[in-house]
Amino acid sequence: MARWCYRHRLVVLLLWVGALCGLGFSASSAGTDYANVFSLPDTDSKKAYDLMEEAFPARAGDVDTVVWKVDEGSVRDAAVRARIQPALEEIAGMTGVGGVTGPYAGAGGAAQVSRDGRIAYAQVTFTDQANAVPKELVQDVVDTARDARRDGLDVEVGGQAVQRVQEPPTGLAEMVGLAAAAVVLFLAFGSLFAMLLPIGVAVFGVGTGLFSTQLLSHVTDIPDLAPLLSSLIGLGVGIDYALFIVTRHRKGVLRGMDPEESTVTALDTSGRAVLFAGGTVCIALAGMLVTNLRFLDGVVIGTSLTVVLSVLAATTLLPALLGLLGPRVLSRRQRRTLAATGPEPEKATGLATRWSAAVQRRPWRVAVLALAVMAVLALPVLSLRLGATDQGNDDTTTTTRQAYDLLAEGFGPGFNGPLQVVVPDGDATALVRDIGATEGVARVTALPSARGVTVVQVVPTTSPQSEETDALIDRLRDEVIPGAGVEAHVGGVTAVSKDFATVTGDRLPLFVATIIGLGFLLLLVAFRSLVVPLTAAVMNLVAAAASFGVLVAVFQWGWGLDLLGLGKEGPINAFLPVIMLSLLFGLSMDYQVFLVSRMHEEWVHTRDNARAVRVGLAETSRVINSAALIMVCVFLAFVLSGDSGAAMAGVGLAAAVALDAFVLRTALVPAAMHLLGTSNWWLPAWLDKRLPHLAVEPREEPGEAGEAGKVVKAGEAGETAAHAGGPASVVHGQVRDPAGGPVEGAAVTLMSAGGRQLDRVVSLADGSYVLSVPAPGTYLLATTAHAYASRARQVLVAGEPLVVDVELEPGEVDAPR
């Protein structure tokens, strides 16, 4: 497939451009029909809502509030009334508005004016719930109300429907994230064209995913949070997946491979890992379905579709673009060097190699330090409280936040989240009296009955998000209502939010067990080990705890909220743990696959666990850290989205990815694998026979083993021999100087008894080398290095890997023996 896309690059590019433009035109023509469907069957708040919808169809819709305040005088003044009353009458006459209840009409109007007479409100009841009210209607209500403002008279509008029309300009977060990713990619590649490749692939994947999700919103319920989360996760994985493939392709071109062959090799190696990683992300997202929360079904559809299209773009569009660029995927300096000196063997040097060696030398110290960091960050999770954000968490410049603050100032903090106690039958007099005497109740009012149903409106003394309000709801349900001897149900937005948090919390353990179990099985099949997937499962839980600790500290405790411009502190959105755990599981599986697959490859060649972990970390940590840095930039950019849910998800996922990549995969995982030793790769024989074989990343085919004069990187010898018929074993070890230090760049050659060269490699920065052996027997091992005398010795190789460490000394020649 990669070769076909490379050779038919213009066709592939035109197909993708046509798909993006066609879906974009169709989506813009059809518009959006996102719906936030909170289906909570068998909950008390759902029973209350059903009763109200049946008895008060006009009141069952969303209730928003127009609130006004005068700087001087009273809201009852004729001048104030002359400006407000016509606006309220105009709103009441709009199609889709069930009614307007204001302070200037009816006997109950006095209750809608604050005690000092400076603040008043009117309730606007729509005929539909907030998600079904047309945005044009809501905008007309907001504009009509705010047009009544003048000097000394402030008018604001609050409510769920109004909050939906306050969305900031779309695309700002995405553009900032792309710009930050572009800077990281340019620093990593040093080439403008190579930088543009991952970004272009991500734009096509996310664009087609978002347009498709928008079209699907007309045939199924998809919440308005889904496109935000889809673009967030789509940009992250789209750029990262393309980054992995482009990095492998650039290595191939630098080694002197033809661009087409390098592209095919990159797609057939890293591309397979991308397919596996994308599949794990989708499986993790599908795990949300076990919660049986309809609100999340649309999120699963939107995000999974975007991930699938991002993977498709990385595996079809990217090879076409690589074909268009050819050698220009390298920087100018790299192209000049390649033309002047020819290809050179790649050497694993620099910070990554030094860090990998340091982890091997001090695994206990690294593991303890990494665990201490994660434990400290996870401590705040002990005070995690699930709930729902409301207008009180909006930015202070929004009309919903200002209306929220005005109502709290004039009527108390509990006024923004009144409870509705619905009594289907019987006399509610005793219940009203008992509720009024309950601690935490500021005001209680029984509304006129209809069809035998009475609604008792209860205003708490505390804000909707406070723990005291949650305790009041429990007290009403468990003590007050049973004590009054009547059937009643507690509803309202605050009660719905509490029930949603309760249901989510109850189903969270099943969800966590599902995704951890799926991840364990996938890694078990991929790496044929029990310890590796078990370690990954524990690391996922550690990363989740630490990232939620960061969320609690920022959004629940308020640390840094002012700096981020994200309103005030409050509970963590109830749906966020499910979404974050799904995405975190999928993304951490990506890094685990890319890291451990290289370690597993080295283990298969050498059966040396220490070397496998050291080489795997040295060769993958840089690309993993670059990919993580890009994701962190993209996720943090969603703080600018203006949506508190997306901002919370962005900060949480940025923290999770940073901790997972920079602490867990770079430090804790390799340290633990060094400590566990060969038990990392243990699998019972009976289980090994029954498991299917899944090659996450097939070995490269750099050429035929034993090709005379060929110099390959240490660690590639096993790959070479594997495709030339498979070596009987390997010879590996380290080249050292007299002081025991590593010798880098030493040429290590394996020759037959007759003197024919069979394999040749160059030692790495840590002095290590791996040579492939075609069959058991006696061979000659020769080692040469600049400033050292050559050494040669006979080695007897059986069917198992043979460890031979070579010490070079100045002035000494070691003859064969």
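Each chain has its residues counted from 1, running along the sequence as written. Local features in a predicted model are, by the rule used here, given only for residues with pLDDT of at least 70; side-chain atom pairs are given and counted only at 80 or more, and totals for whole chains, interfaces and linings are based on all residues. Note that water and hydrogens are dropped before the side-chain values are worked out from all heavy atoms of the structure.

Turning to the nonpolar core, a few remarks are in order. By nonpolar core we mean a set of buried residues, namely Ala, Val, Leu, Ile, Met, Phe, Trp, Tyr and Cys, connected to one another through side-chain atoms within 4.5 Å. Only protein chains enter the accessibility calculation, which uses a 1.4 Å probe; a residue whose area is less than 20% of its type maximum is buried, one above 50% is exposed, and one in between is partly exposed. One finds Met-288, Ile-579, Tyr-591 and Phe-635 to be the most contacted residues of the largest nonpolar core, which totals 146 residues. The element that contributes the greatest number of residues to this core is helix α23 (residues 644–676), accounting for 18 residues. Beyond its immediate chain neighbours, meaning those up to four positions away, Met-288 contacts Leu-296, Val-299, Val-300, Phe-511, Val-578, Ile-579 and Ser-582. In terms of nonpolar packing, the next biggest core, distinct from the first, is built from 31 residues, Ala-122, Val-133, Leu-153 and Val-157 among them. By definition, any uninterrupted DSSP run of H or I lasting at least four residues is a helix, any uninterrupted run of E lasting at least two residues is a strand, and each is numbered from the N terminus. Two residues form a contact once any of their heavy atoms are found within 4.5 Å.

Moving on, we come to the packing of aromatic side chains. In this description, a pair of aromatic rings is defined by centroid distance and the angle of the planes. Between the rings of Phe, Tyr and Trp (Trp by its six-membered ring), a pair exists once the centres lie within 6.5 Å; its type follows the angle of the planes, with under 30 degrees stacked, over 60 edge-to-face, and the other angles tilted. Evaluated as defined, the whole model comprises 7 aromatic pairs. An angle of 40 degrees between the planes, with centres 6.1 Å apart, marks the rings of Trp-68 and Tyr-104 as tilted. Taken together, the positions of Trp-68 in strand β1 (residues 63–70) and Tyr-104 in the loop between β2 (97–101) and β3 (119–126) put the pair 36 residues apart, joining distant regions of the chain. Pair check on accessibility: Trp-68 and Tyr-104 agree, each one buried. Summarising the aromatic geometry, the rings of Tyr-121 and Phe-411 are spaced 5.1 Å apart at their centres and angled 90 degrees between planes, so their arrangement reads as edge-to-face. Of this pair, Tyr-121 sits in strand β3 while Phe-411 sits in helix α15 (residues 399–411), and the two are 290 residues apart along the sequence.

Here we come to the pairing of β3. In terms of burial, β3 is a largely internal element, 7 of the 8 residues being buried. Summarising the sheet, β1 and β3 pair through 7 bridges and their orientation is antiparallel. Looking across to β3, one finds that Val-66 is bridged to Ala-122. In this structure, β2 lies alongside β3, joined through 4 bridges in antiparallel fashion. Considered in β3, the bridge of Val-100 is made with Val-124. Note on pairing: DSSP must find at least two bridges between two strands before they are called paired.

Moving on to the sheet that holds strand β6 (residues 419–423). Strand order in this open sheet of 4 strands is β7-β8-β6-β9, and the pairing throughout is antiparallel. At either margin of the open sheet sits one strand with a lone partner, and together these are β7 (441–446) and β9 (489–491). With direction set aside, neighbouring strand axes in the sheet form an average angle of 25 degrees. Pairing analysis gives 3 bridges linking β6 to β9, with the strands arranged antiparallel. The partner of Val-422 across the bridge, within β9, is His-489. Every angle, taken between N-to-C directions, lies between 0 and 180 degrees, and every axis is a line fitted to C-alpha atoms, over only the stretch in contact when it is a helix. Across the face of the sheet, helix α3 (residues 44–55) comes into contact with β6, β8 (454–460) and β9 while running at roughly 85 degrees to β9. Strands β6, β7 and β8 of the sheet are contacted by helix α16 (residues 429–436), whose axis makes an angle of about 165 degrees with β7.

Strand order across the open sheet formed by 4 strands is β2-β3-β1-β4, with antiparallel pairing between neighbours. The sheet terminates laterally at β2 and β4 (153–158), the two strands that pair on one side only. Put simply, the sheet's adjacent strands are angled 20 degrees from each other on average, direction ignored. The pairing of β1 with β4 spans 6 bridges and is antiparallel. Among the inter-strand pairings, Val-67 is bridged to a residue of β4, identified as Glu-156. Contacts from α15 reach β1, β3 and β4, with the element oriented near 110 degrees to β4.

Let's shift gears to the pattern of salt bridges. What counts as a salt bridge is simple: a side-chain nitrogen of Lys or Arg found within 4 Å of a carboxyl oxygen of Asp or Glu. Counted by the stated rule, this structure contains 16 salt bridges. Notably, a salt bridge pairs Arg-3 with Glu-261, separated by 2.9 Å at the nearest N-O pair. With Arg-3 in helix α1 (residues 2–7) and Glu-261 in helix α10 (residues 259–286), this residue pair connects regions lying 258 residues apart in the sequence. Here Arg-477 ties to Asp-499 by a salt bridge, and the two come within 2.9 Å at their closest N and O atoms. You can see Arg-477 sitting in helix α17 (residues 467–484) and its partner Asp-499 sitting in helix α18 (residues 493–527), a full 22 residues away along the chain. An identical accessibility class is assigned to Arg-477 and Asp-499; each is buried. Beyond isolated ion pairs, a larger network of salt bridges with shared partners links Arg-3, Arg-7, Glu-260 and Glu-261.

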